[in-house]
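Each chain, written out:
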Amino acid sequence: MGFVTTNDGTEIFYKDWGTGQPIVFSHGWPLSADDWDAQLMFFLQNGYRVIAHDRRGHGRSTQTSDGHDMDHYADDLAAVTAHLDLHDAIHVGHSTGGGEVVHYIAKHGESRVARAVLISAVPPIMVQTAANPGGLPKKVFDDIQVQVATNRSSFYRDLPSTAFYNFNRPGVEPNEAIIQNWWRQGMMGGAKAHYDGVVAFSQTDFTEDLKKISVPVLVMHGDDDQVVPYADSAPLSAQLVQNGTLKTYAGFPHGMPTTHADTINADLLAWLQA
């Protein structure tokens, strides 16, 4: 574990465990590298070097006032990969982290990258626009910003209790430890970073970024994702990249790397070894 200092003085916290081919994990909003615990341990035990960082303003990284946009997220990820001198790396991004991975590869190139994996990821673009009529209305994200600015602790309790893990679905038993761990991670980060991050993950258009990616890309998404709706995300991303594979999970939630870690980890390992 350590920190890398970026060009603007931001300290980015990262975990770096093991040896072998590196897998770099980019977490979702508003969480931290801790959200990857099940993946870090699984792939470490399967012979990989595993790296996960806290996005600026999240977790243990500096709670900066500015820079909460995809350009800075991509540059911060590039700073981590350069600091650790990673090559032949597999980049895995969940939700907002999927956008970060896509923008990083498009902006900084593929010289250090072997493959990419997008899990429940926000690309191509979440918000509804004339070019993206299937997106979510901007008011949805405006309302999230209001909650972050005025009611963050309660909101960070409600979201994992309901839509994030599909604990609001009939027959799905809520897991209190998962809910509390989500709240813990969220409250470690800064309100300003999380507020600005809503715009970053919802309004960034990754269409042109996706088209630039030629390394193999696995797109994994649950068809009952209540946070990043399936139809306007995963199938489109898999088509836009040059070498995409789409894997759809019936009934799985947005937070499926946690609730269905056994399935996700096994499928990801099988794809990497194929």
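Shown above is the structure to which this text applies.
Here the structure is a predicted model, which is why all the values come from computation and not from measurement.

Side note on the side chain of Thr10
Stage number 1. With respect to the secondary-structure elements, Thr10 resides in the loop between strand S1 (2–5) and strand S2 (11–17).
Stage number 2. Of the polar contacts made by the side chain of Thr10, one reaches the side chain of Arg56; its length is 3.5 Å.

Overview of the environment of Pro22
Stage number 1. Turning to its location among the elements, Pro22 is positioned in strand S3 (residues 22–26).
Stage number 2. Each C-alpha atom of the pair Pro22 and Asn7 lies 24 Å from the other, and the pair is 15 residues apart in sequence.
Stage number 3. Non-local contacts of Pro22, meaning those with residues more than four positions away in its chain, are made with Arg49, Ile51, Leu86, His87, Asp88, Ala89 and Ile90.

Quick notes on the side chain of Thr81
Stage number 1. By the element assignment, Thr81 lies in helix H2 (residues 70–83).
Stage number 2. When residues no more than four places from it in sequence are discounted, the contact partners of Thr81 are Leu86, His91, Tyr104 and Arg112.

A look at the layout of surface pockets
Stage number 1. In this structure, the largest pocket occupies an estimated 270 Å³ of space.
Stage number 2. Along the wall of the largest pocket there are 18 residues; nearest its centre are Ile144, Leu159, Phe201, Gln226 and Val227.
Stage number 3. Only helix H4 (138–150) and helix H5 (152–161) provide two or more residues apiece to the lining of the largest pocket.
Stage number 4. Take the lining of the largest pocket: its biggest share by element is 3 residues, from H4.
Stage number 5. Taken together, the residues of the lining of the largest pocket break down into 14 nonpolar, 4 polar and no charged.

Digging into the packing of aromatic side chains
Stage number 1. Summed over the entire model, instances satisfying the criterion amount to 14 aromatic pairs.
Stage number 2. Ring centres of Phe3 and Phe13 lie 5.5 Å apart, and the angle between their planes is 70°; this geometry places the pair in the edge-to-face category. Residue Phe3 is located in strand S1, and its partner Phe13 is located in strand S2; the two are separated by 10 residues in the primary sequence.
Stage number 3. A relative accessible area of 40% means that Phe3 is categorised as partly exposed.
Stage number 4. Seen from their ring centres, Phe25 and Phe43 are 6.4 Å apart, and the 45° between their planes marks the pair as tilted. Taken as a pair, Phe25 in strand S3 and Phe43 in helix H1 (residues 37–45) lie far apart in primary sequence, 18 residues in all.
Stage number 5. Among the aromatic side chains, those forming a connected cluster through ring pairs are Trp29, Phe141, Phe155, Tyr156, Phe164, Tyr165, Phe167, Trp182 and Phe201.

Section: the pattern of salt bridges
Stage number 1. Counting across every chain of the model gives 18 salt bridges.
Stage number 2. For Lys107, the salt bridge is made with Asp75, and the minimal N-O distance between the two is 3.0 Å. Within this pair, whereas Lys107 is found in helix H3 (residues 96–108), its partner Asp75 is found in helix H2, the two being separated by 32 residues in sequence.
Stage number 3. By relative accessible area, Lys107 is classed as partly exposed at 40%.
Stage number 4. The partner of Lys211 in a salt bridge is Glu208, and the shortest N-O contact between them spans 3.2 Å. Highlighted residues: Lys211 and Glu208, both in helix H8 (residues 207–212), separated by 3 residues, approximately one helical turn.
Stage number 5. Since its relative accessible area comes to 39%, Lys211 is described here as partly exposed.
Stage number 6. Taken together, the shared-partner salt bridges connect Lys15, Asp34, Asp37, Asp54, Arg60 and Arg184 into one network.

Here's the deal with the pairing of S3
Stage number 1. Counting buried residues along S3, 5 of its 5 residues qualify, which places the element largely inside the surrounding structure.
Stage number 2. With burial as the criterion, each face of S3 is covered, one bearing Pro22, Val24 and Ser26 and the other bearing Ile23 and Phe25.
Stage number 3. By the bridge criterion, 4 bridges tie S3 to strand S4 (residues 49–53) in an arrangement that is parallel. The residue bridging Pro22 from the neighbouring strand is Arg49, located in S4.
Stage number 4. In the sheet, S3 pairs with strand S5 (residues 89–94) via 4 bridges, with the strands oriented parallel. Among the inter-strand pairings, Ile23 is bridged to a residue of S5, identified as Ile90.

Cut-offs used in this document
- Here the residue index of a chain counts from 1 through its sequence in written order.
- The model is predicted, so local features are restricted to residues of pLDDT at least 70 and side-chain atom pairs to those at 80 or more, both for listing and for counting; the totals for chains, interfaces and linings are taken over all residues.
- Only heavy atoms go into the side-chain values, all of them from the structure, while hydrogens and water stay out.
- We count a stretch as a helix when DSSP gives it H or I for four or more residues in a row; a strand needs E for two or more, and each element gets its number in order from the N terminus.
- Counting of polar contacts relies on pairs of N or O atoms within 3.5 Å, with two restrictions inside protein: one atom must be capable of donating a hydrogen and the other of accepting it, and residues adjacent in sequence are counted only when both atoms are side-chain atoms.
- Any two residues whose heavy atoms approach within 4.5 Å at even a single point are treated as in contact.
- Two kinds of site are reported from a 1 Å grid over the protein atoms alone, namely cavities, where a 1.4 Å probe fits but cannot get out, and pockets, open sets with protein on both sides within 12 Å along at least five of seven lines, and residues are called lining when an atom falls within 4 Å of a point.
- Grid points are joined across faces, edges and corners, and a volume is the space filled by probe spheres set on the points.
- Here the term charged refers only to Asp, Glu, Lys and Arg, the term nonpolar to Ala, Val, Leu, Ile, Met, Phe, Trp, Tyr, Cys and Pro, and the term polar to all other amino acids, Gly among them.
- Each pair of aromatic rings taken from Phe, Tyr and Trp, with Trp reduced to its six-membered ring, is defined by centres within 6.5 Å and is described as stacked if the planes are under 30 degrees apart, edge-to-face if over 60, and tilted in the remaining cases.
- The rule is simple: take the accessible area with a 1.4 Å probe, protein chains only, and divide by the maximum for that residue type; under 20% is buried, over 50% is exposed, in between is partly exposed.
- Every case where a carboxyl oxygen of Asp or Glu lies within 4 Å of a side-chain nitrogen of Lys or Arg is listed as a salt bridge.
- Two strands qualify as a pair provided that DSSP identifies no fewer than 2 bridges between them.

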